[in-house]
Amino acid sequence: MPNTASDKTISPLETPRLGEPYLLTPGPLTTAYEVKEAMLRDWGSWDGDFRAMTAELRRQLLDIAGDTKGEFDCVPIQGSGSFSVEAMLGSFVPRDGKVLVLINGAYGKRIAQTLGYLGRDHVTIDKGDYMPPRGPEVAAALNADPDITHVIVVHCETSSGILNPLKEISDVVYASGRKLLVDSMSAFGAVPAGIADLRYEAIVSSANKCIEGVPGFGFVIARKSELEAAKGRSHSLSLDVHAQWETMNKTGQWRFTPPTHVVAAFLEALRMHREEGGVAARGVRYARNRDVMVAGMREAGFETLLADRWLSPIIVTFFSPADPAFAFDRFYELMKEKGFIIYPGKLTVVDSFRVGCIGRMDEHVMRRVVEAARTSLTEMGVASAAPPAVALAERSRLAA
Ligand SMILES: Cc1ncc(COP(=O)(O)O)c(C=O)c1O
C-alpha cells in the first residue's frame, strides 16, 4: 500500500506524500514537503535576492563544516556530485602531482577513473568490495613513494555502506607531509567531519544527500590557501573551482546558469537541518533509522555484509537470501508496491541489496520497511532469509 496522507501510522517527521514511495536510496532521497514547496517560485539568477541566497548557502555550509577560524571557503558547483569531485581533483591536484586513491568500492574506482581522464598521475590501494583502507598500509604506501603529493579517500563508501576510518587516514597522511582530499558525498551533514577535529584540504558533498535537498549542485569546501593555489590549474572551464570561487566572491553570482529552484529548496533543507539540531541530531536520527531497520531485518533472518563496527548510518548492504524462491527484481517490485524503493547491491562476489537510512524519515518508517520486507518474503514463498554459505565466508574475511 502506498504512503498516503490518511495513513494512521504517519510519524511527526512524515509529510503527506499522496502515493509517493519512500526512497530508501542514498540520494536522491525522500525530501520534506517544505523542501519541495520552496521550489514553487522563480528566481532571477542575477538578482540581489538570489545572490543573497547563494551567500547564505555558502555561509551555512561553512558553519556545518565547523570553519570557526575562517580558513576555508565554500564553492558550489552546478551538476551532480561527480562534477564536484572532478572539479576538486582538477583544481587541487597540480598537473605534476601524484595521487594515492584509496579504493573500497565504486566511488573510489570512479575517482581513479576521473584522474585518468584528467591525466593526473595516480596509484591505488584497492581493498576490493568493502574492506576498509587502514592507516598503516596508507603510511607504508606513502613511505614507499615520495612522489605522492595527495591522498583521496571516500568517507562513506556508499556502494557497500562502509564508513571508512577518516581520522586514522588523515593522521597518517599529514604525518608524512602529504595532503588529503575527501569525498564525503553521502556523509557530510550527518557524520562529523569537522575542520577542527580532522585535517584535510578539501571536502566534497552534494545537495541531495544528508542535508536532504534535491539534486542539482554539489559543493567543495576547501582551504583558502588551496583555492588561491588552484588558479589556472583546472583542465576545465566549467569545473574550475578557483574561477567559480573568484567570481562568486567578486559578484555574488555563479559563473553559469545556477540551479535556482534547487538552491531555494536547499536553503529550506538547511533551515530544517539546523532546526533538527545540526550534524549531531541528524546523525542520531539516521543511526536510529539504521539500528531499528538492521535489528528488524536480522530478526527476519537477513544478514548484513558488514559487522556493526563498520556499518554507516547512511546505507546498509544485506546479503540476498539463498532460498531459490528469492529474486531481487520481484522483491524490489513487492517492496515498491508497499511504498518503499530499495537499491540493488554492488558486490561482485555475492548477491546483495541495499537499504538507505537517510532522507526525511524516522524509525517509525523503518519499522514499516521491515514489515514490508517480511511480508514480501512470504509473498514470494521464501522460507528463510539466510544468505548462502559463500556470503558468510566472505564476511568473515572482514572480521579477520
Ligand atoms: C561517495 C559518493 N561519491 C560520489 C557520488 C557521485 O555522486 P553523483 O551520483 O551525484 O554524481 C556518490 C553518489 O551517491 C557517492 O555516494
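First, a word on scope: everything that follows refers to the structure included in this document. (Residues numbered from 1 in each chain as written. Predicted model: local features only at pLDDT ≥ 70, side-chain atom pairs only at ≥ 80, totals over all residues. Heavy atoms only, no water.)

### As for the sheet that holds strand S3 (residues 98-103)
- With respect to topology, 7 strands assemble into an open sheet ordered S2-S10-S9-S8-S5-S3-S4, the strand pairing being mixed. Lying at the two open borders of the sheet, with one neighbouring strand each, are strand S2 (72-78) and strand S4 (121-126). For this sheet the average axis-to-axis angle between neighbouring strands, irrespective of direction, equals 20°.
- Strands S3, S4, strand S5 (150-154) and strand S8 (179-183) of the sheet are contacted by helix H4 (residues 106-118), whose axis makes an angle of about 160° with S3.
- Helix H6 (residues 166-175) rests against S3, S5 and S8 of the sheet, and its axis sits at about 155° to S8. (Pairing = 2+ DSSP bridges. Helix = DSSP H or I, 4+ residues; strand = E, 2+ residues; numbered from the N terminus. Axes fitted to C-alpha atoms, helices over the stretch in contact; angles between N-to-C directions. Contact = heavy atoms within 4.5 Å.)

### Points about the site of the ligand
- Inspection of the region around the ligand gives Ser80, Gly81, Ser82, Tyr107, Arg110, Val154, Cys156, Thr158, Asp183, Met185, Ser186 and Lys209 as its neighbouring residues.
- At 2.7 Å from a nitrogen atom of the ligand is found a side-chain nitrogen or oxygen belonging to aspartate 183.
- Lysine 209 is positioned such that a nitrogen or oxygen atom in its side chain is 2.7 Å from an oxygen atom of the ligand.
- About the coverage of the ligand: the protein hides 87% of its 390 Å² of free accessible area.
- For the shell around the ligand, the secondary structure elements donating two or more residues are helix H3 (81-92) and H4.
- Residue composition of the shell around the ligand, by class: 4 nonpolar, 5 polar and 3 charged. (Near = heavy atom within 4 Å. Polar contact = N/O pair within 3.5 Å; in protein donor to acceptor, adjacent residues only side chain to side chain. Areas by Shrake-Rupley, 256 points an atom, 1.4 Å probe, with all protein chains shown as cover. Nonpolar A, V, L, I, M, F, W, Y, C, P; charged D, E, K, R; others polar.)

### Digging into H4
- End to end, H4 covers 18 Å across 13 residues, agreeing with the expected 18 Å (1.5 Å per residue, within 8%).
- Turning to H4, its buried residues number three or more, namely Gly108, Ile111, Ala112, Thr114, Leu115 and Leu118. Projection of H4 onto a plane perpendicular to its axis shows the buried side chains occupying an angular sector of 155°, all on one side.
- Residues of H4 that are buried sit in contact with H3, S3, S4, S5, strand S6 (156-157) and S8.
- Just downstream of H4, glycine 119 is the residue with a positive phi angle, here 70°. (Expected span 1.5 Å × (residues − 1). Buried < 20%, exposed > 50% of the residue type's maximum accessible area, 1.4 Å probe, protein only. Arc of directions from axis to C-beta.)

Function-wise, these values are silent; they only describe arrangement.
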